[in-house]
Structures are given as C-alpha cells and as structure tokens.
Amino acid sequence: AIQMTQSPSSLSASVGDRVTITCRASQGIRDDLGWYQQKPGKAPKLLIYAASTLQSGVPSRFSGSGSGTDFTLTISSLQPEDFATYYCLQDYDFPFTFGQGTKLENK
Amino acid sequence: EVQLLESGGGLVRPGGSLRLSCAASGFTFDSFAMSWVRQAPGKGLEWVSTITDSGGRTYYADSVKGRFTISRDNSKNTLYLQMNSLRAEDTAVYFCAKLLGDSGYYSIGHWGQGALVTVSS
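Anyway, here's the lowdown on the structure attached to this text. These numbers come from a predicted model, not from an experiment.

The next subject is the overall build of chain A. Looking only at helices and strands, chain A features zero helices and eleven strands. For chain A, the sequential pattern of α-helices and β-strands runs β-β-β-β-β-β-β-β-β-β-β. Taken over C-alpha atoms, the radius of gyration comes to 13 Å for chain A, in line with the 13 Å a tight globule of 107 residues would show. Over its C-alpha atoms, taken along the principal directions, chain A stretches across nearly 35 × 25 × 25 Å. The 107 residues of chain A split such that 47% are buried. Restricting to contacts in chain A with at least 6 residues of sequence separation, those with at least 24 account for 57%.

Here it is, written out as structure tokens:
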C-alpha cells in the first residue's frame, strides 16, 4: 500500500498568516491527490483535487501544488473559519490512503 | 444539490453483523463510483471500500476484506455496506462518499454526515 506522510501533525497560526501543509507519498502517484478539510463533528469537505484543481465553491486562498511524491496545500491568508483538521488522500491506486492529518489551531 | 444520507448504524456485539445504507440524491447515481470511509473516535480518516458506477468492480481495505461487502442498487439510488464478523476496532463513524468519476480512480467529491457504528459487548 502507498504510504502518505503528512506534516506537520499540528500547527499554530494566526488569522492572516500564510500556512503550508505537506504530504509525501511512498511512491509516485502522478497528480492523483486530494486535500480535505474537516471540522469537529462534521464530514470532511473536498478543497483540492488532482493536486492543484480548486473544487467549485472553495475560496481562492486555498491552493495545491505538487506531482509525483511531494505535495503542498497552501492557505494564503488564514481566515477564522479555516481552523480545522486537514487531510490528503491519494487516489492513484487501491487501497486509497489518507495522510495522518494536520490540526490547524489558533495561536 | 448532492445529498447522501446514511442509515443503519447502531450498537452491535462483537462477531455480529450490520448493514449500512446510503440514500443518494441530487446527481445521476449510476454515473459515479461510491465509497465508504470511516473514522474511529478521535482518529483520522480510513478508506474502507469503493464500488464502480455499474457495480462491476469493488475494492476493499485489507482491514475489512472478507468481512465487509459493498454493493449498490442503481434503481434505488442506494449504496450499501454489509458488515459481518464485527470487531471492537470497527467502531467508527462511517461516511458514505461520492467520487468525482465513474471508475473508482477519482477523488472523493462529496460526503454524507456519517453513521456511528459501535461494536461492544
């Protein structure tokens, strides 16, 4: 199975900060990666698919980049509603695998 | 608007069985692959299973292979997960999810609100 290593596991930041979360795949996965946001008690929400394509309705402060094994989710200017947990998911091959998650907290 | 509504969760004893259902609406159900994803209390997300648009191909996590069966009834716009030989470690919220395409090799685009399954004696 492809391992997805996500970092950091937690992050403290302030409103207005630029934030970067990374995922590294144990083998090349082309651009078959999505990023998800999850708030407590809620279902995850798709932010980015195909590594860099913004899902409809998602604010443009979210962006994704990368291909192969290294991927990045960037929030350009953190907003109060962005404090949540973020996950990457590889859909290149089965079994699909998630990163361990990054909890973004208010500093 | 895409809507996915899970049902069938609850408390079951170890070794028991449970069937989850997911009623889908707001999209052409038989044109999209579907998945189940679970989340144990306080833990991260774990992909469980995927079925293609026609139901012709299914995929499972090693942790549930041979115990869980994913299926769909395209005439009823409904996805199922039959769970047998349940273990304590299967305790989780189970999310029904719609993929962005038909074959299975797509990101998960939409999620249901989840159904809690508790395996305990």
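On we go from here.
Let us look at the layout of surface pockets. In this structure, the largest pocket spans a volume of roughly 450 Å³. The wall of the largest pocket is formed by 27 residues, among which Gln38, Pro40, Thr85 and Tyr87 of chain A together with Gln39 of chain B lie closest to the centre. Secondary structure elements with two or more residues in the lining of the largest pocket: β9 (85–90) and β11 (102–106) of chain A together with β9 (92–99) of chain B. Counting residues per element, the lining of the largest pocket draws most heavily on β11 of chain A, which supplies four residues.

As a further point, take the interface of chain A and chain B. Accessible area lost during the coming together of the parts is what is often quoted as the interface size. On the chain B side, the residues contacting the 20 residues of chain A number 22 residues. Both sides together, the interface formed by chain A and chain B hides about 1,600 Å², and carbon and sulfur atoms give 66% of it. On inspection of chain A and its partner chain B, the count reaches three residue pairs in polar contact (both at pLDDT 80 or more). Those elements giving two or more residues to the side of chain A that touches chain B turn out to be β4 (33–38), β5 (45–49) and β9 of chain A.

Procedures and definitions
- Residue positions within a chain follow its written sequence, with the count starting from 1.
- Here chains are named by letter from A upward and ligands by number from 1 upward, in the order in which they appear as written.
- Reporting of local features is limited, given that this is a predicted model, to residues whose pLDDT is at least 70; pairs of side-chain atoms are given and counted only at 80 or more, and all residues count toward the totals for whole chains, interfaces and linings.
- The basis for every side-chain value is the complete set of non-hydrogen atoms in the structure, without hydrogens or water.
- Only DSSP runs of H or I reaching four residues or more are called helices, and only runs of E reaching two or more are called strands; each is numbered from the N terminus.
- C-alpha atoms define the radius of gyration, and 2.2 Å times the number of residues to the power 0.38 defines the globule rule.
- A simple rule labels every residue: compare its accessible area, found with a 1.4 Å probe on the protein chains alone, to the largest value its type can have, and call it buried under 20%, exposed over 50%, or partly exposed in between.
- A contact between two residues is defined here by any heavy atoms of the two lying within 4.5 Å.
- Grid points spaced at 1 Å over the protein atoms alone were grouped into cavities, where a 1.4 Å probe fits but cannot get out, and pockets, open sets with protein on both sides within 12 Å along at least five of seven lines, with lining residues defined by an atom within 4 Å of a point.
- Grid points are joined across faces, edges and corners, and a volume is the space filled by probe spheres set on the points.
- Two parts lose some accessible area (1.4 Å probe) when they are put together, and adding that loss for both gives the buried area.
- As used in this structure description, the phrase polar contact means that two N or O atoms lie within 3.5 Å; if the pair is within protein, one of them must be able to donate a hydrogen and the other to accept it, and residues adjacent in sequence are counted only when both atoms belong to side chains.

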